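# Topology and contacts: notes
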Amino acid sequence: MSTPDFNLLPVLDVLLAEGSVAGAARRLRLSPSAMSRALARLRETTGDPLLVRAGRGLVPTPRAIELREQVGQLVQDAEAVLRPTEKLKLKQLVRTFTLRTREGFVENFGPALIARVSREAPGVRLCFVQKLDKDSTPLRDGAVDLETGVIGKATAPELRVQALFRDRFTGVVRLGHPLAQGELTPARYAGARHIAVSRRGLGAEPVDDALAPLGLQREVAAIVGSFSAALALARASDLVATVPERHTGNLRAGMHSFALPVATPEITVSLLWHPRLDADPAHRWLRGCVRDVCAAPATDA
C-alpha cells in the first residue's frame, strides 16, 4: 500500500472550509486549474467526490462533512508539531522537576536554588531524591530530570555532562577535639580513630592512598554509607571524618574543619541529564539556575 500524500491535507482543509475551488485557490494562492487538479487527486485518494455541483455552486458530500472537523484538527496538530518552540514564559510555567543528588547538595545549595526558582517561575516545584548509586537508569527512563555527582565508569556514555564545581577533602572533628590544637602532621592524623565513608562498606578512601607512601595507615573505627552519617558520628565522639569540603559546608556547621596533612586529588562535581531534554527550554533554564547557584562563592562552616 502506497503512502498517501500528506501535502493534500491542508488543501482538503481549505476546500472543505471554502466549499469552492475558486475560493480555495485564492486562499492558497494557487491557480484555479492547479486547485482543480488537487481536488481530482483528493477524490482519487479518498474514493469520494467530496464536493459535488449543486446549481452554480458546490456542496459537500456526507463523507466530506464527516472529514471536515477531523481534517481541520489534523492540520492544526501538524502545524503545532512543526512550529518553532515558543519563547519560554517562566511566570506561566507549571512543572515539577526531579533532581537526584547526594546528601549535602540540598543542605548547601537547595535554599538558594529554591529561592531563585520561586522568584523566576512560581509555578515550578523541585523534587529532590537521594542518590544512592551511580546507576543512570532513572535519567534514561525519565524518572529523574537532573542529577549531580562525580563521573564514574557506571555513568551512561550518552548522558550530557557539565562541570559544576571542584571540591577537595577536608578533615572534621568535634569542637574541643585534640586534633583541633597544635600542629597536625600525617602521623598525628593517621593515629586518630577514623570514620570511613563507603556505599559498599569497603572503607577505602583517597586519603588512604596518600598515607600509604608514608608508611601510615588510618585506624578505621566505623564505616558508614554517607557523609552526613560520618559527620553525625564525629560530632558526638572523638572520631575523625574526612569529607568533601564544599559539598558538606552546612553539614559541618558547629564543628572544627582542618586541611588534610597529605595531598589528595580534587573531585569534580558535575550536572548530568539525558539528551532528550537537551533542547527543552524549561529544562535548559533550570540547568542554568543550578550552574549559577553552584558557581556562587562558597561559605565555609
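Please refer to the structure higher up on the page.
Below: a short report on this structure. Owing to the predicted nature of the structure, the values given are computational and were not obtained by experimental measurement.

### As for the overall build of the protein chain
Along its length, the protein chain carries 10 helices and 12 strands. For the protein chain, the C-alpha radius of gyration of 32 Å lies well beyond 19 Å, the compact-globule estimate for 301 residues. Expressed as lengths along the three principal axes of its C-alpha atoms, the size of the protein chain is roughly 105 × 40 × 25 Å. Across the 301 residues that make up the protein chain, the buried fraction comes to 41%. The long-range fraction of contacts in the protein chain, counting pairs at least 24 apart against all pairs at least 6 apart in sequence, stands at 73%. Of the roughly 16600 Å² of accessible surface on the protein chain, 54% is carried by carbon and sulfur atoms. Taking the average location of the 40 positive side-chain charges in the protein chain and that of its 32 negative ones, the two points are 5 Å from each other.

### Points about the sheet that holds strand β8 (residues 193–197)
A sheet is described by the order of its strands in space; here 5 strands give the open sequence β9-β8-β10-β7-β11, paired in mixed fashion. Looking along the sheet, the strands with just one partner apiece sit at the ends: β9 (219–224) and β11 (256–259). Taken pair by pair, the neighbouring strands of this sheet meet at an average axis angle of 35°, ignoring direction. Sheet analysis places strand β7 (residues 169–173) next to β11, joined by 4 bridges and oriented antiparallel. Bridging from a neighbouring strand, G171 pairs with F258 of β11. Against the sheet, helix α9 (residues 227–235) engages β7, β8, β9 and β10 (240–244), with an angle of about 150° to β10.

### A short note on the packing of aromatic side chains
Geometrically, a pair of aromatic rings is defined through the distance of the ring centres and the angle of the planes. Counted under the stated rule, the structure contains 3 aromatic pairs. Their ring planes at 45° and their centres at 5.1 Å tell us that F105 and F109 sit as a pair that is tilted. On the criterion of helical spacing, the pair formed by F105 and F109 is a turn pair, its members being 4 residues apart in helix α5 (residues 105–120). For F109, a relative accessible area of 5% translates into the label buried. Joined through ring pairs, the aromatic side chains of F105, F109 and F165 make up one cluster. Seen from the ring of F165, R246 lies directly overhead, with NZ or CZ sitting 4.9 Å from the centre. Between R287 and the ring centre of W273, over which it is positioned, the NZ or CZ distance is 4.3 Å.

### Concerning the state of the cysteines
Under the counting rule described, the total for this entry stands at 0 disulfides. Residue C127 stays outside any disulfide, its sulfur separated by 17 Å from that of C289, the closest cysteine. C289 provides the cysteine sulfur closest to C294, a residue in no disulfide bond, and the two sulfurs are 11 Å apart. With relative accessibility at 1%, the residue C294 sits in the buried group.

The rules behind each value
- Residues numbered from 1 in each chain as written.
- Predicted model: local features only at pLDDT ≥ 70, side-chain atom pairs only at ≥ 80, totals over all residues.
- Heavy atoms only, no water.
- Helix = DSSP H or I, 4+ residues; strand = E, 2+ residues; numbered from the N terminus.
- Rg over C-alpha atoms; globule rule 2.2 N^0.38 Å.
- Buried < 20%, exposed > 50% of the residue type's maximum accessible area, 1.4 Å probe, protein only.
- Contact = heavy atoms within 4.5 Å.
- Areas by Shrake-Rupley, 256 points an atom, 1.4 Å probe, with all protein chains shown as cover.
- Lys, Arg positive; Asp, Glu negative; His and termini not counted.
- Charge placed at Lys NZ, Arg CZ, Asp CG, Glu CD.
- Pairing = 2+ DSSP bridges.
- Axes fitted to C-alpha atoms, helices over the stretch in contact; angles between N-to-C directions.
- Phe/Tyr/Trp six-rings, centres within 6.5 Å; stacked < 30°, edge-to-face > 60°.
- Lys NZ or Arg CZ within 6 Å of the ring centre and 35° of its normal.
- Disulfide = S-S within 2.5 Å.

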